[in-house]
Amino acid sequence: LCLRWWPKLFGIQHCISAVVVLGLLEAGVWYWDLRVFNSRGSRNPVLYYLAILFAVCKRSFSYLLALVASLGWGITRPYLEASVGRRVRILACCFIVGDAVQQVVVPPRSTCESSWVIVALVFPVALLKSAV
């Protein structure tokens, strides 16, 4: 149905499709990474970082999609103002960099010896998430 009415779809519907595709790619790469990990006993670093890349992109894109939808893009107005778009892009860059560093340095369920590193990496990303 979407293929038939492709020119009539709004930009926000294309973005929602991109988030779904990123989620599918992330799940596939995590599956392949864990399958290799189960068979070899060690992780493939390329698959691990690729899975983190897809996870960060999906998370960032979905948060920013919620932000621009709440600003009215694709729902009540066809375009955002230039200054608003610039601020959204800056926020996106900060969020992607912060979340990627957090995912690489502080993996889930890690026992990091220095708690200040965790606070320094988790706190800014948590502030960005709460601001969105």
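All of these numbers come straight from a predicted model, not from anything done at the bench.

Chemist: I keep staring at the packing of aromatic side chains and nothing clicks. Help me out?
Modeler: Under the definition given, this model contains 3 aromatic pairs. Here Tyr48 and Tyr49 contribute two aromatic rings whose centre-to-centre distance is 5.4 Å and whose plane-to-plane angle is 65 degrees, an arrangement assigned as edge-to-face. Take Tyr48: its relative accessible area is 16%, and that puts it in the buried class. Given a relative accessible area of 45%, Tyr49 falls into the partly exposed group. Considering the side-chain rings of Tyr63 and Phe95, the 5.4 Å spacing of their centres and the 65 degrees angle between planes classify their relative orientation as edge-to-face. Note that Tyr63 is positioned in helix H2 (residues 45-70) and Phe95 in helix H3 (residues 82-105), a separation of 32 residues in sequence.

Chemist: Quick question: what am I supposed to make of H3 here?
Modeler: The α-helix advances 3.6 residues per turn, and as a result positions three or four apart in sequence lie on the same side. When the terminal C-alpha atoms of H3 are compared, their 35 Å separation across 24 residues agrees well with the 34 Å that a helix rising 1.5 Å per residue should span. Every buried residue of H3 is listed here: Val84, Gly85, Val88, Ala92, Phe95, Asp99, Gln102 and Gln103.

Chemist: Would you explain the nonpolar core in this entry?
Modeler: One recurring pattern in soluble globular proteins: nonpolar side chains tend to sit buried together. Core analysis: the biggest nonpolar cluster contains 11 residues, these being Ile12, Cys15, Val19, Leu64, Leu65, Leu67, Val68, Trp73, Val84, Val88 and Ala92. Ranked by residues supplied to this core, first place goes to H2 with 4 residues.

Chemist: Just to check I follow, could you spell out the layout of surface pockets for this structure?
Modeler: Any empty space left between the atoms is revealed when a probe the size of a water molecule rolls over them. Roughly 240 Å³ of volume is contained in the largest pocket. In terms of lining, the largest pocket is formed by Cys15, Phe61, Leu64, Leu65, Val68, Trp73, Leu80, Gly85, Val88 and Arg89. Secondary structure elements with two or more residues in the lining of the largest pocket: H2 and H3. Per-element tally for the lining of the largest pocket: the top contributor is H2, with 4 residues. Taken together, the residues of the lining of the largest pocket break down into 8 nonpolar, 1 polar and 1 charged.

How each quantity is defined
Residues numbered from 1 in each chain as written. Predicted model: local features only at pLDDT ≥ 70, side-chain atom pairs only at ≥ 80, totals over all residues. Heavy atoms only, no water. Phe/Tyr/Trp six-rings, centres within 6.5 Å; stacked < 30°, edge-to-face > 60°. Buried < 20%, exposed > 50% of the residue type's maximum accessible area, 1.4 Å probe, protein only. Helix = DSSP H or I, 4+ residues; strand = E, 2+ residues; numbered from the N terminus. Expected span 1.5 Å × (residues − 1). Core = buried A, V, L, I, M, F, W, Y, C linked by side-chain atoms within 4.5 Å. 1 Å grid on protein atoms, 1.4 Å probe; cavity = no way out; pocket = protein on both sides within 12 Å on 5 of 7 lines; lining within 4 Å. Points joined across faces, edges and corners; volume = space filled by probe spheres on them. Nonpolar A, V, L, I, M, F, W, Y, C, P; charged D, E, K, R; others polar.

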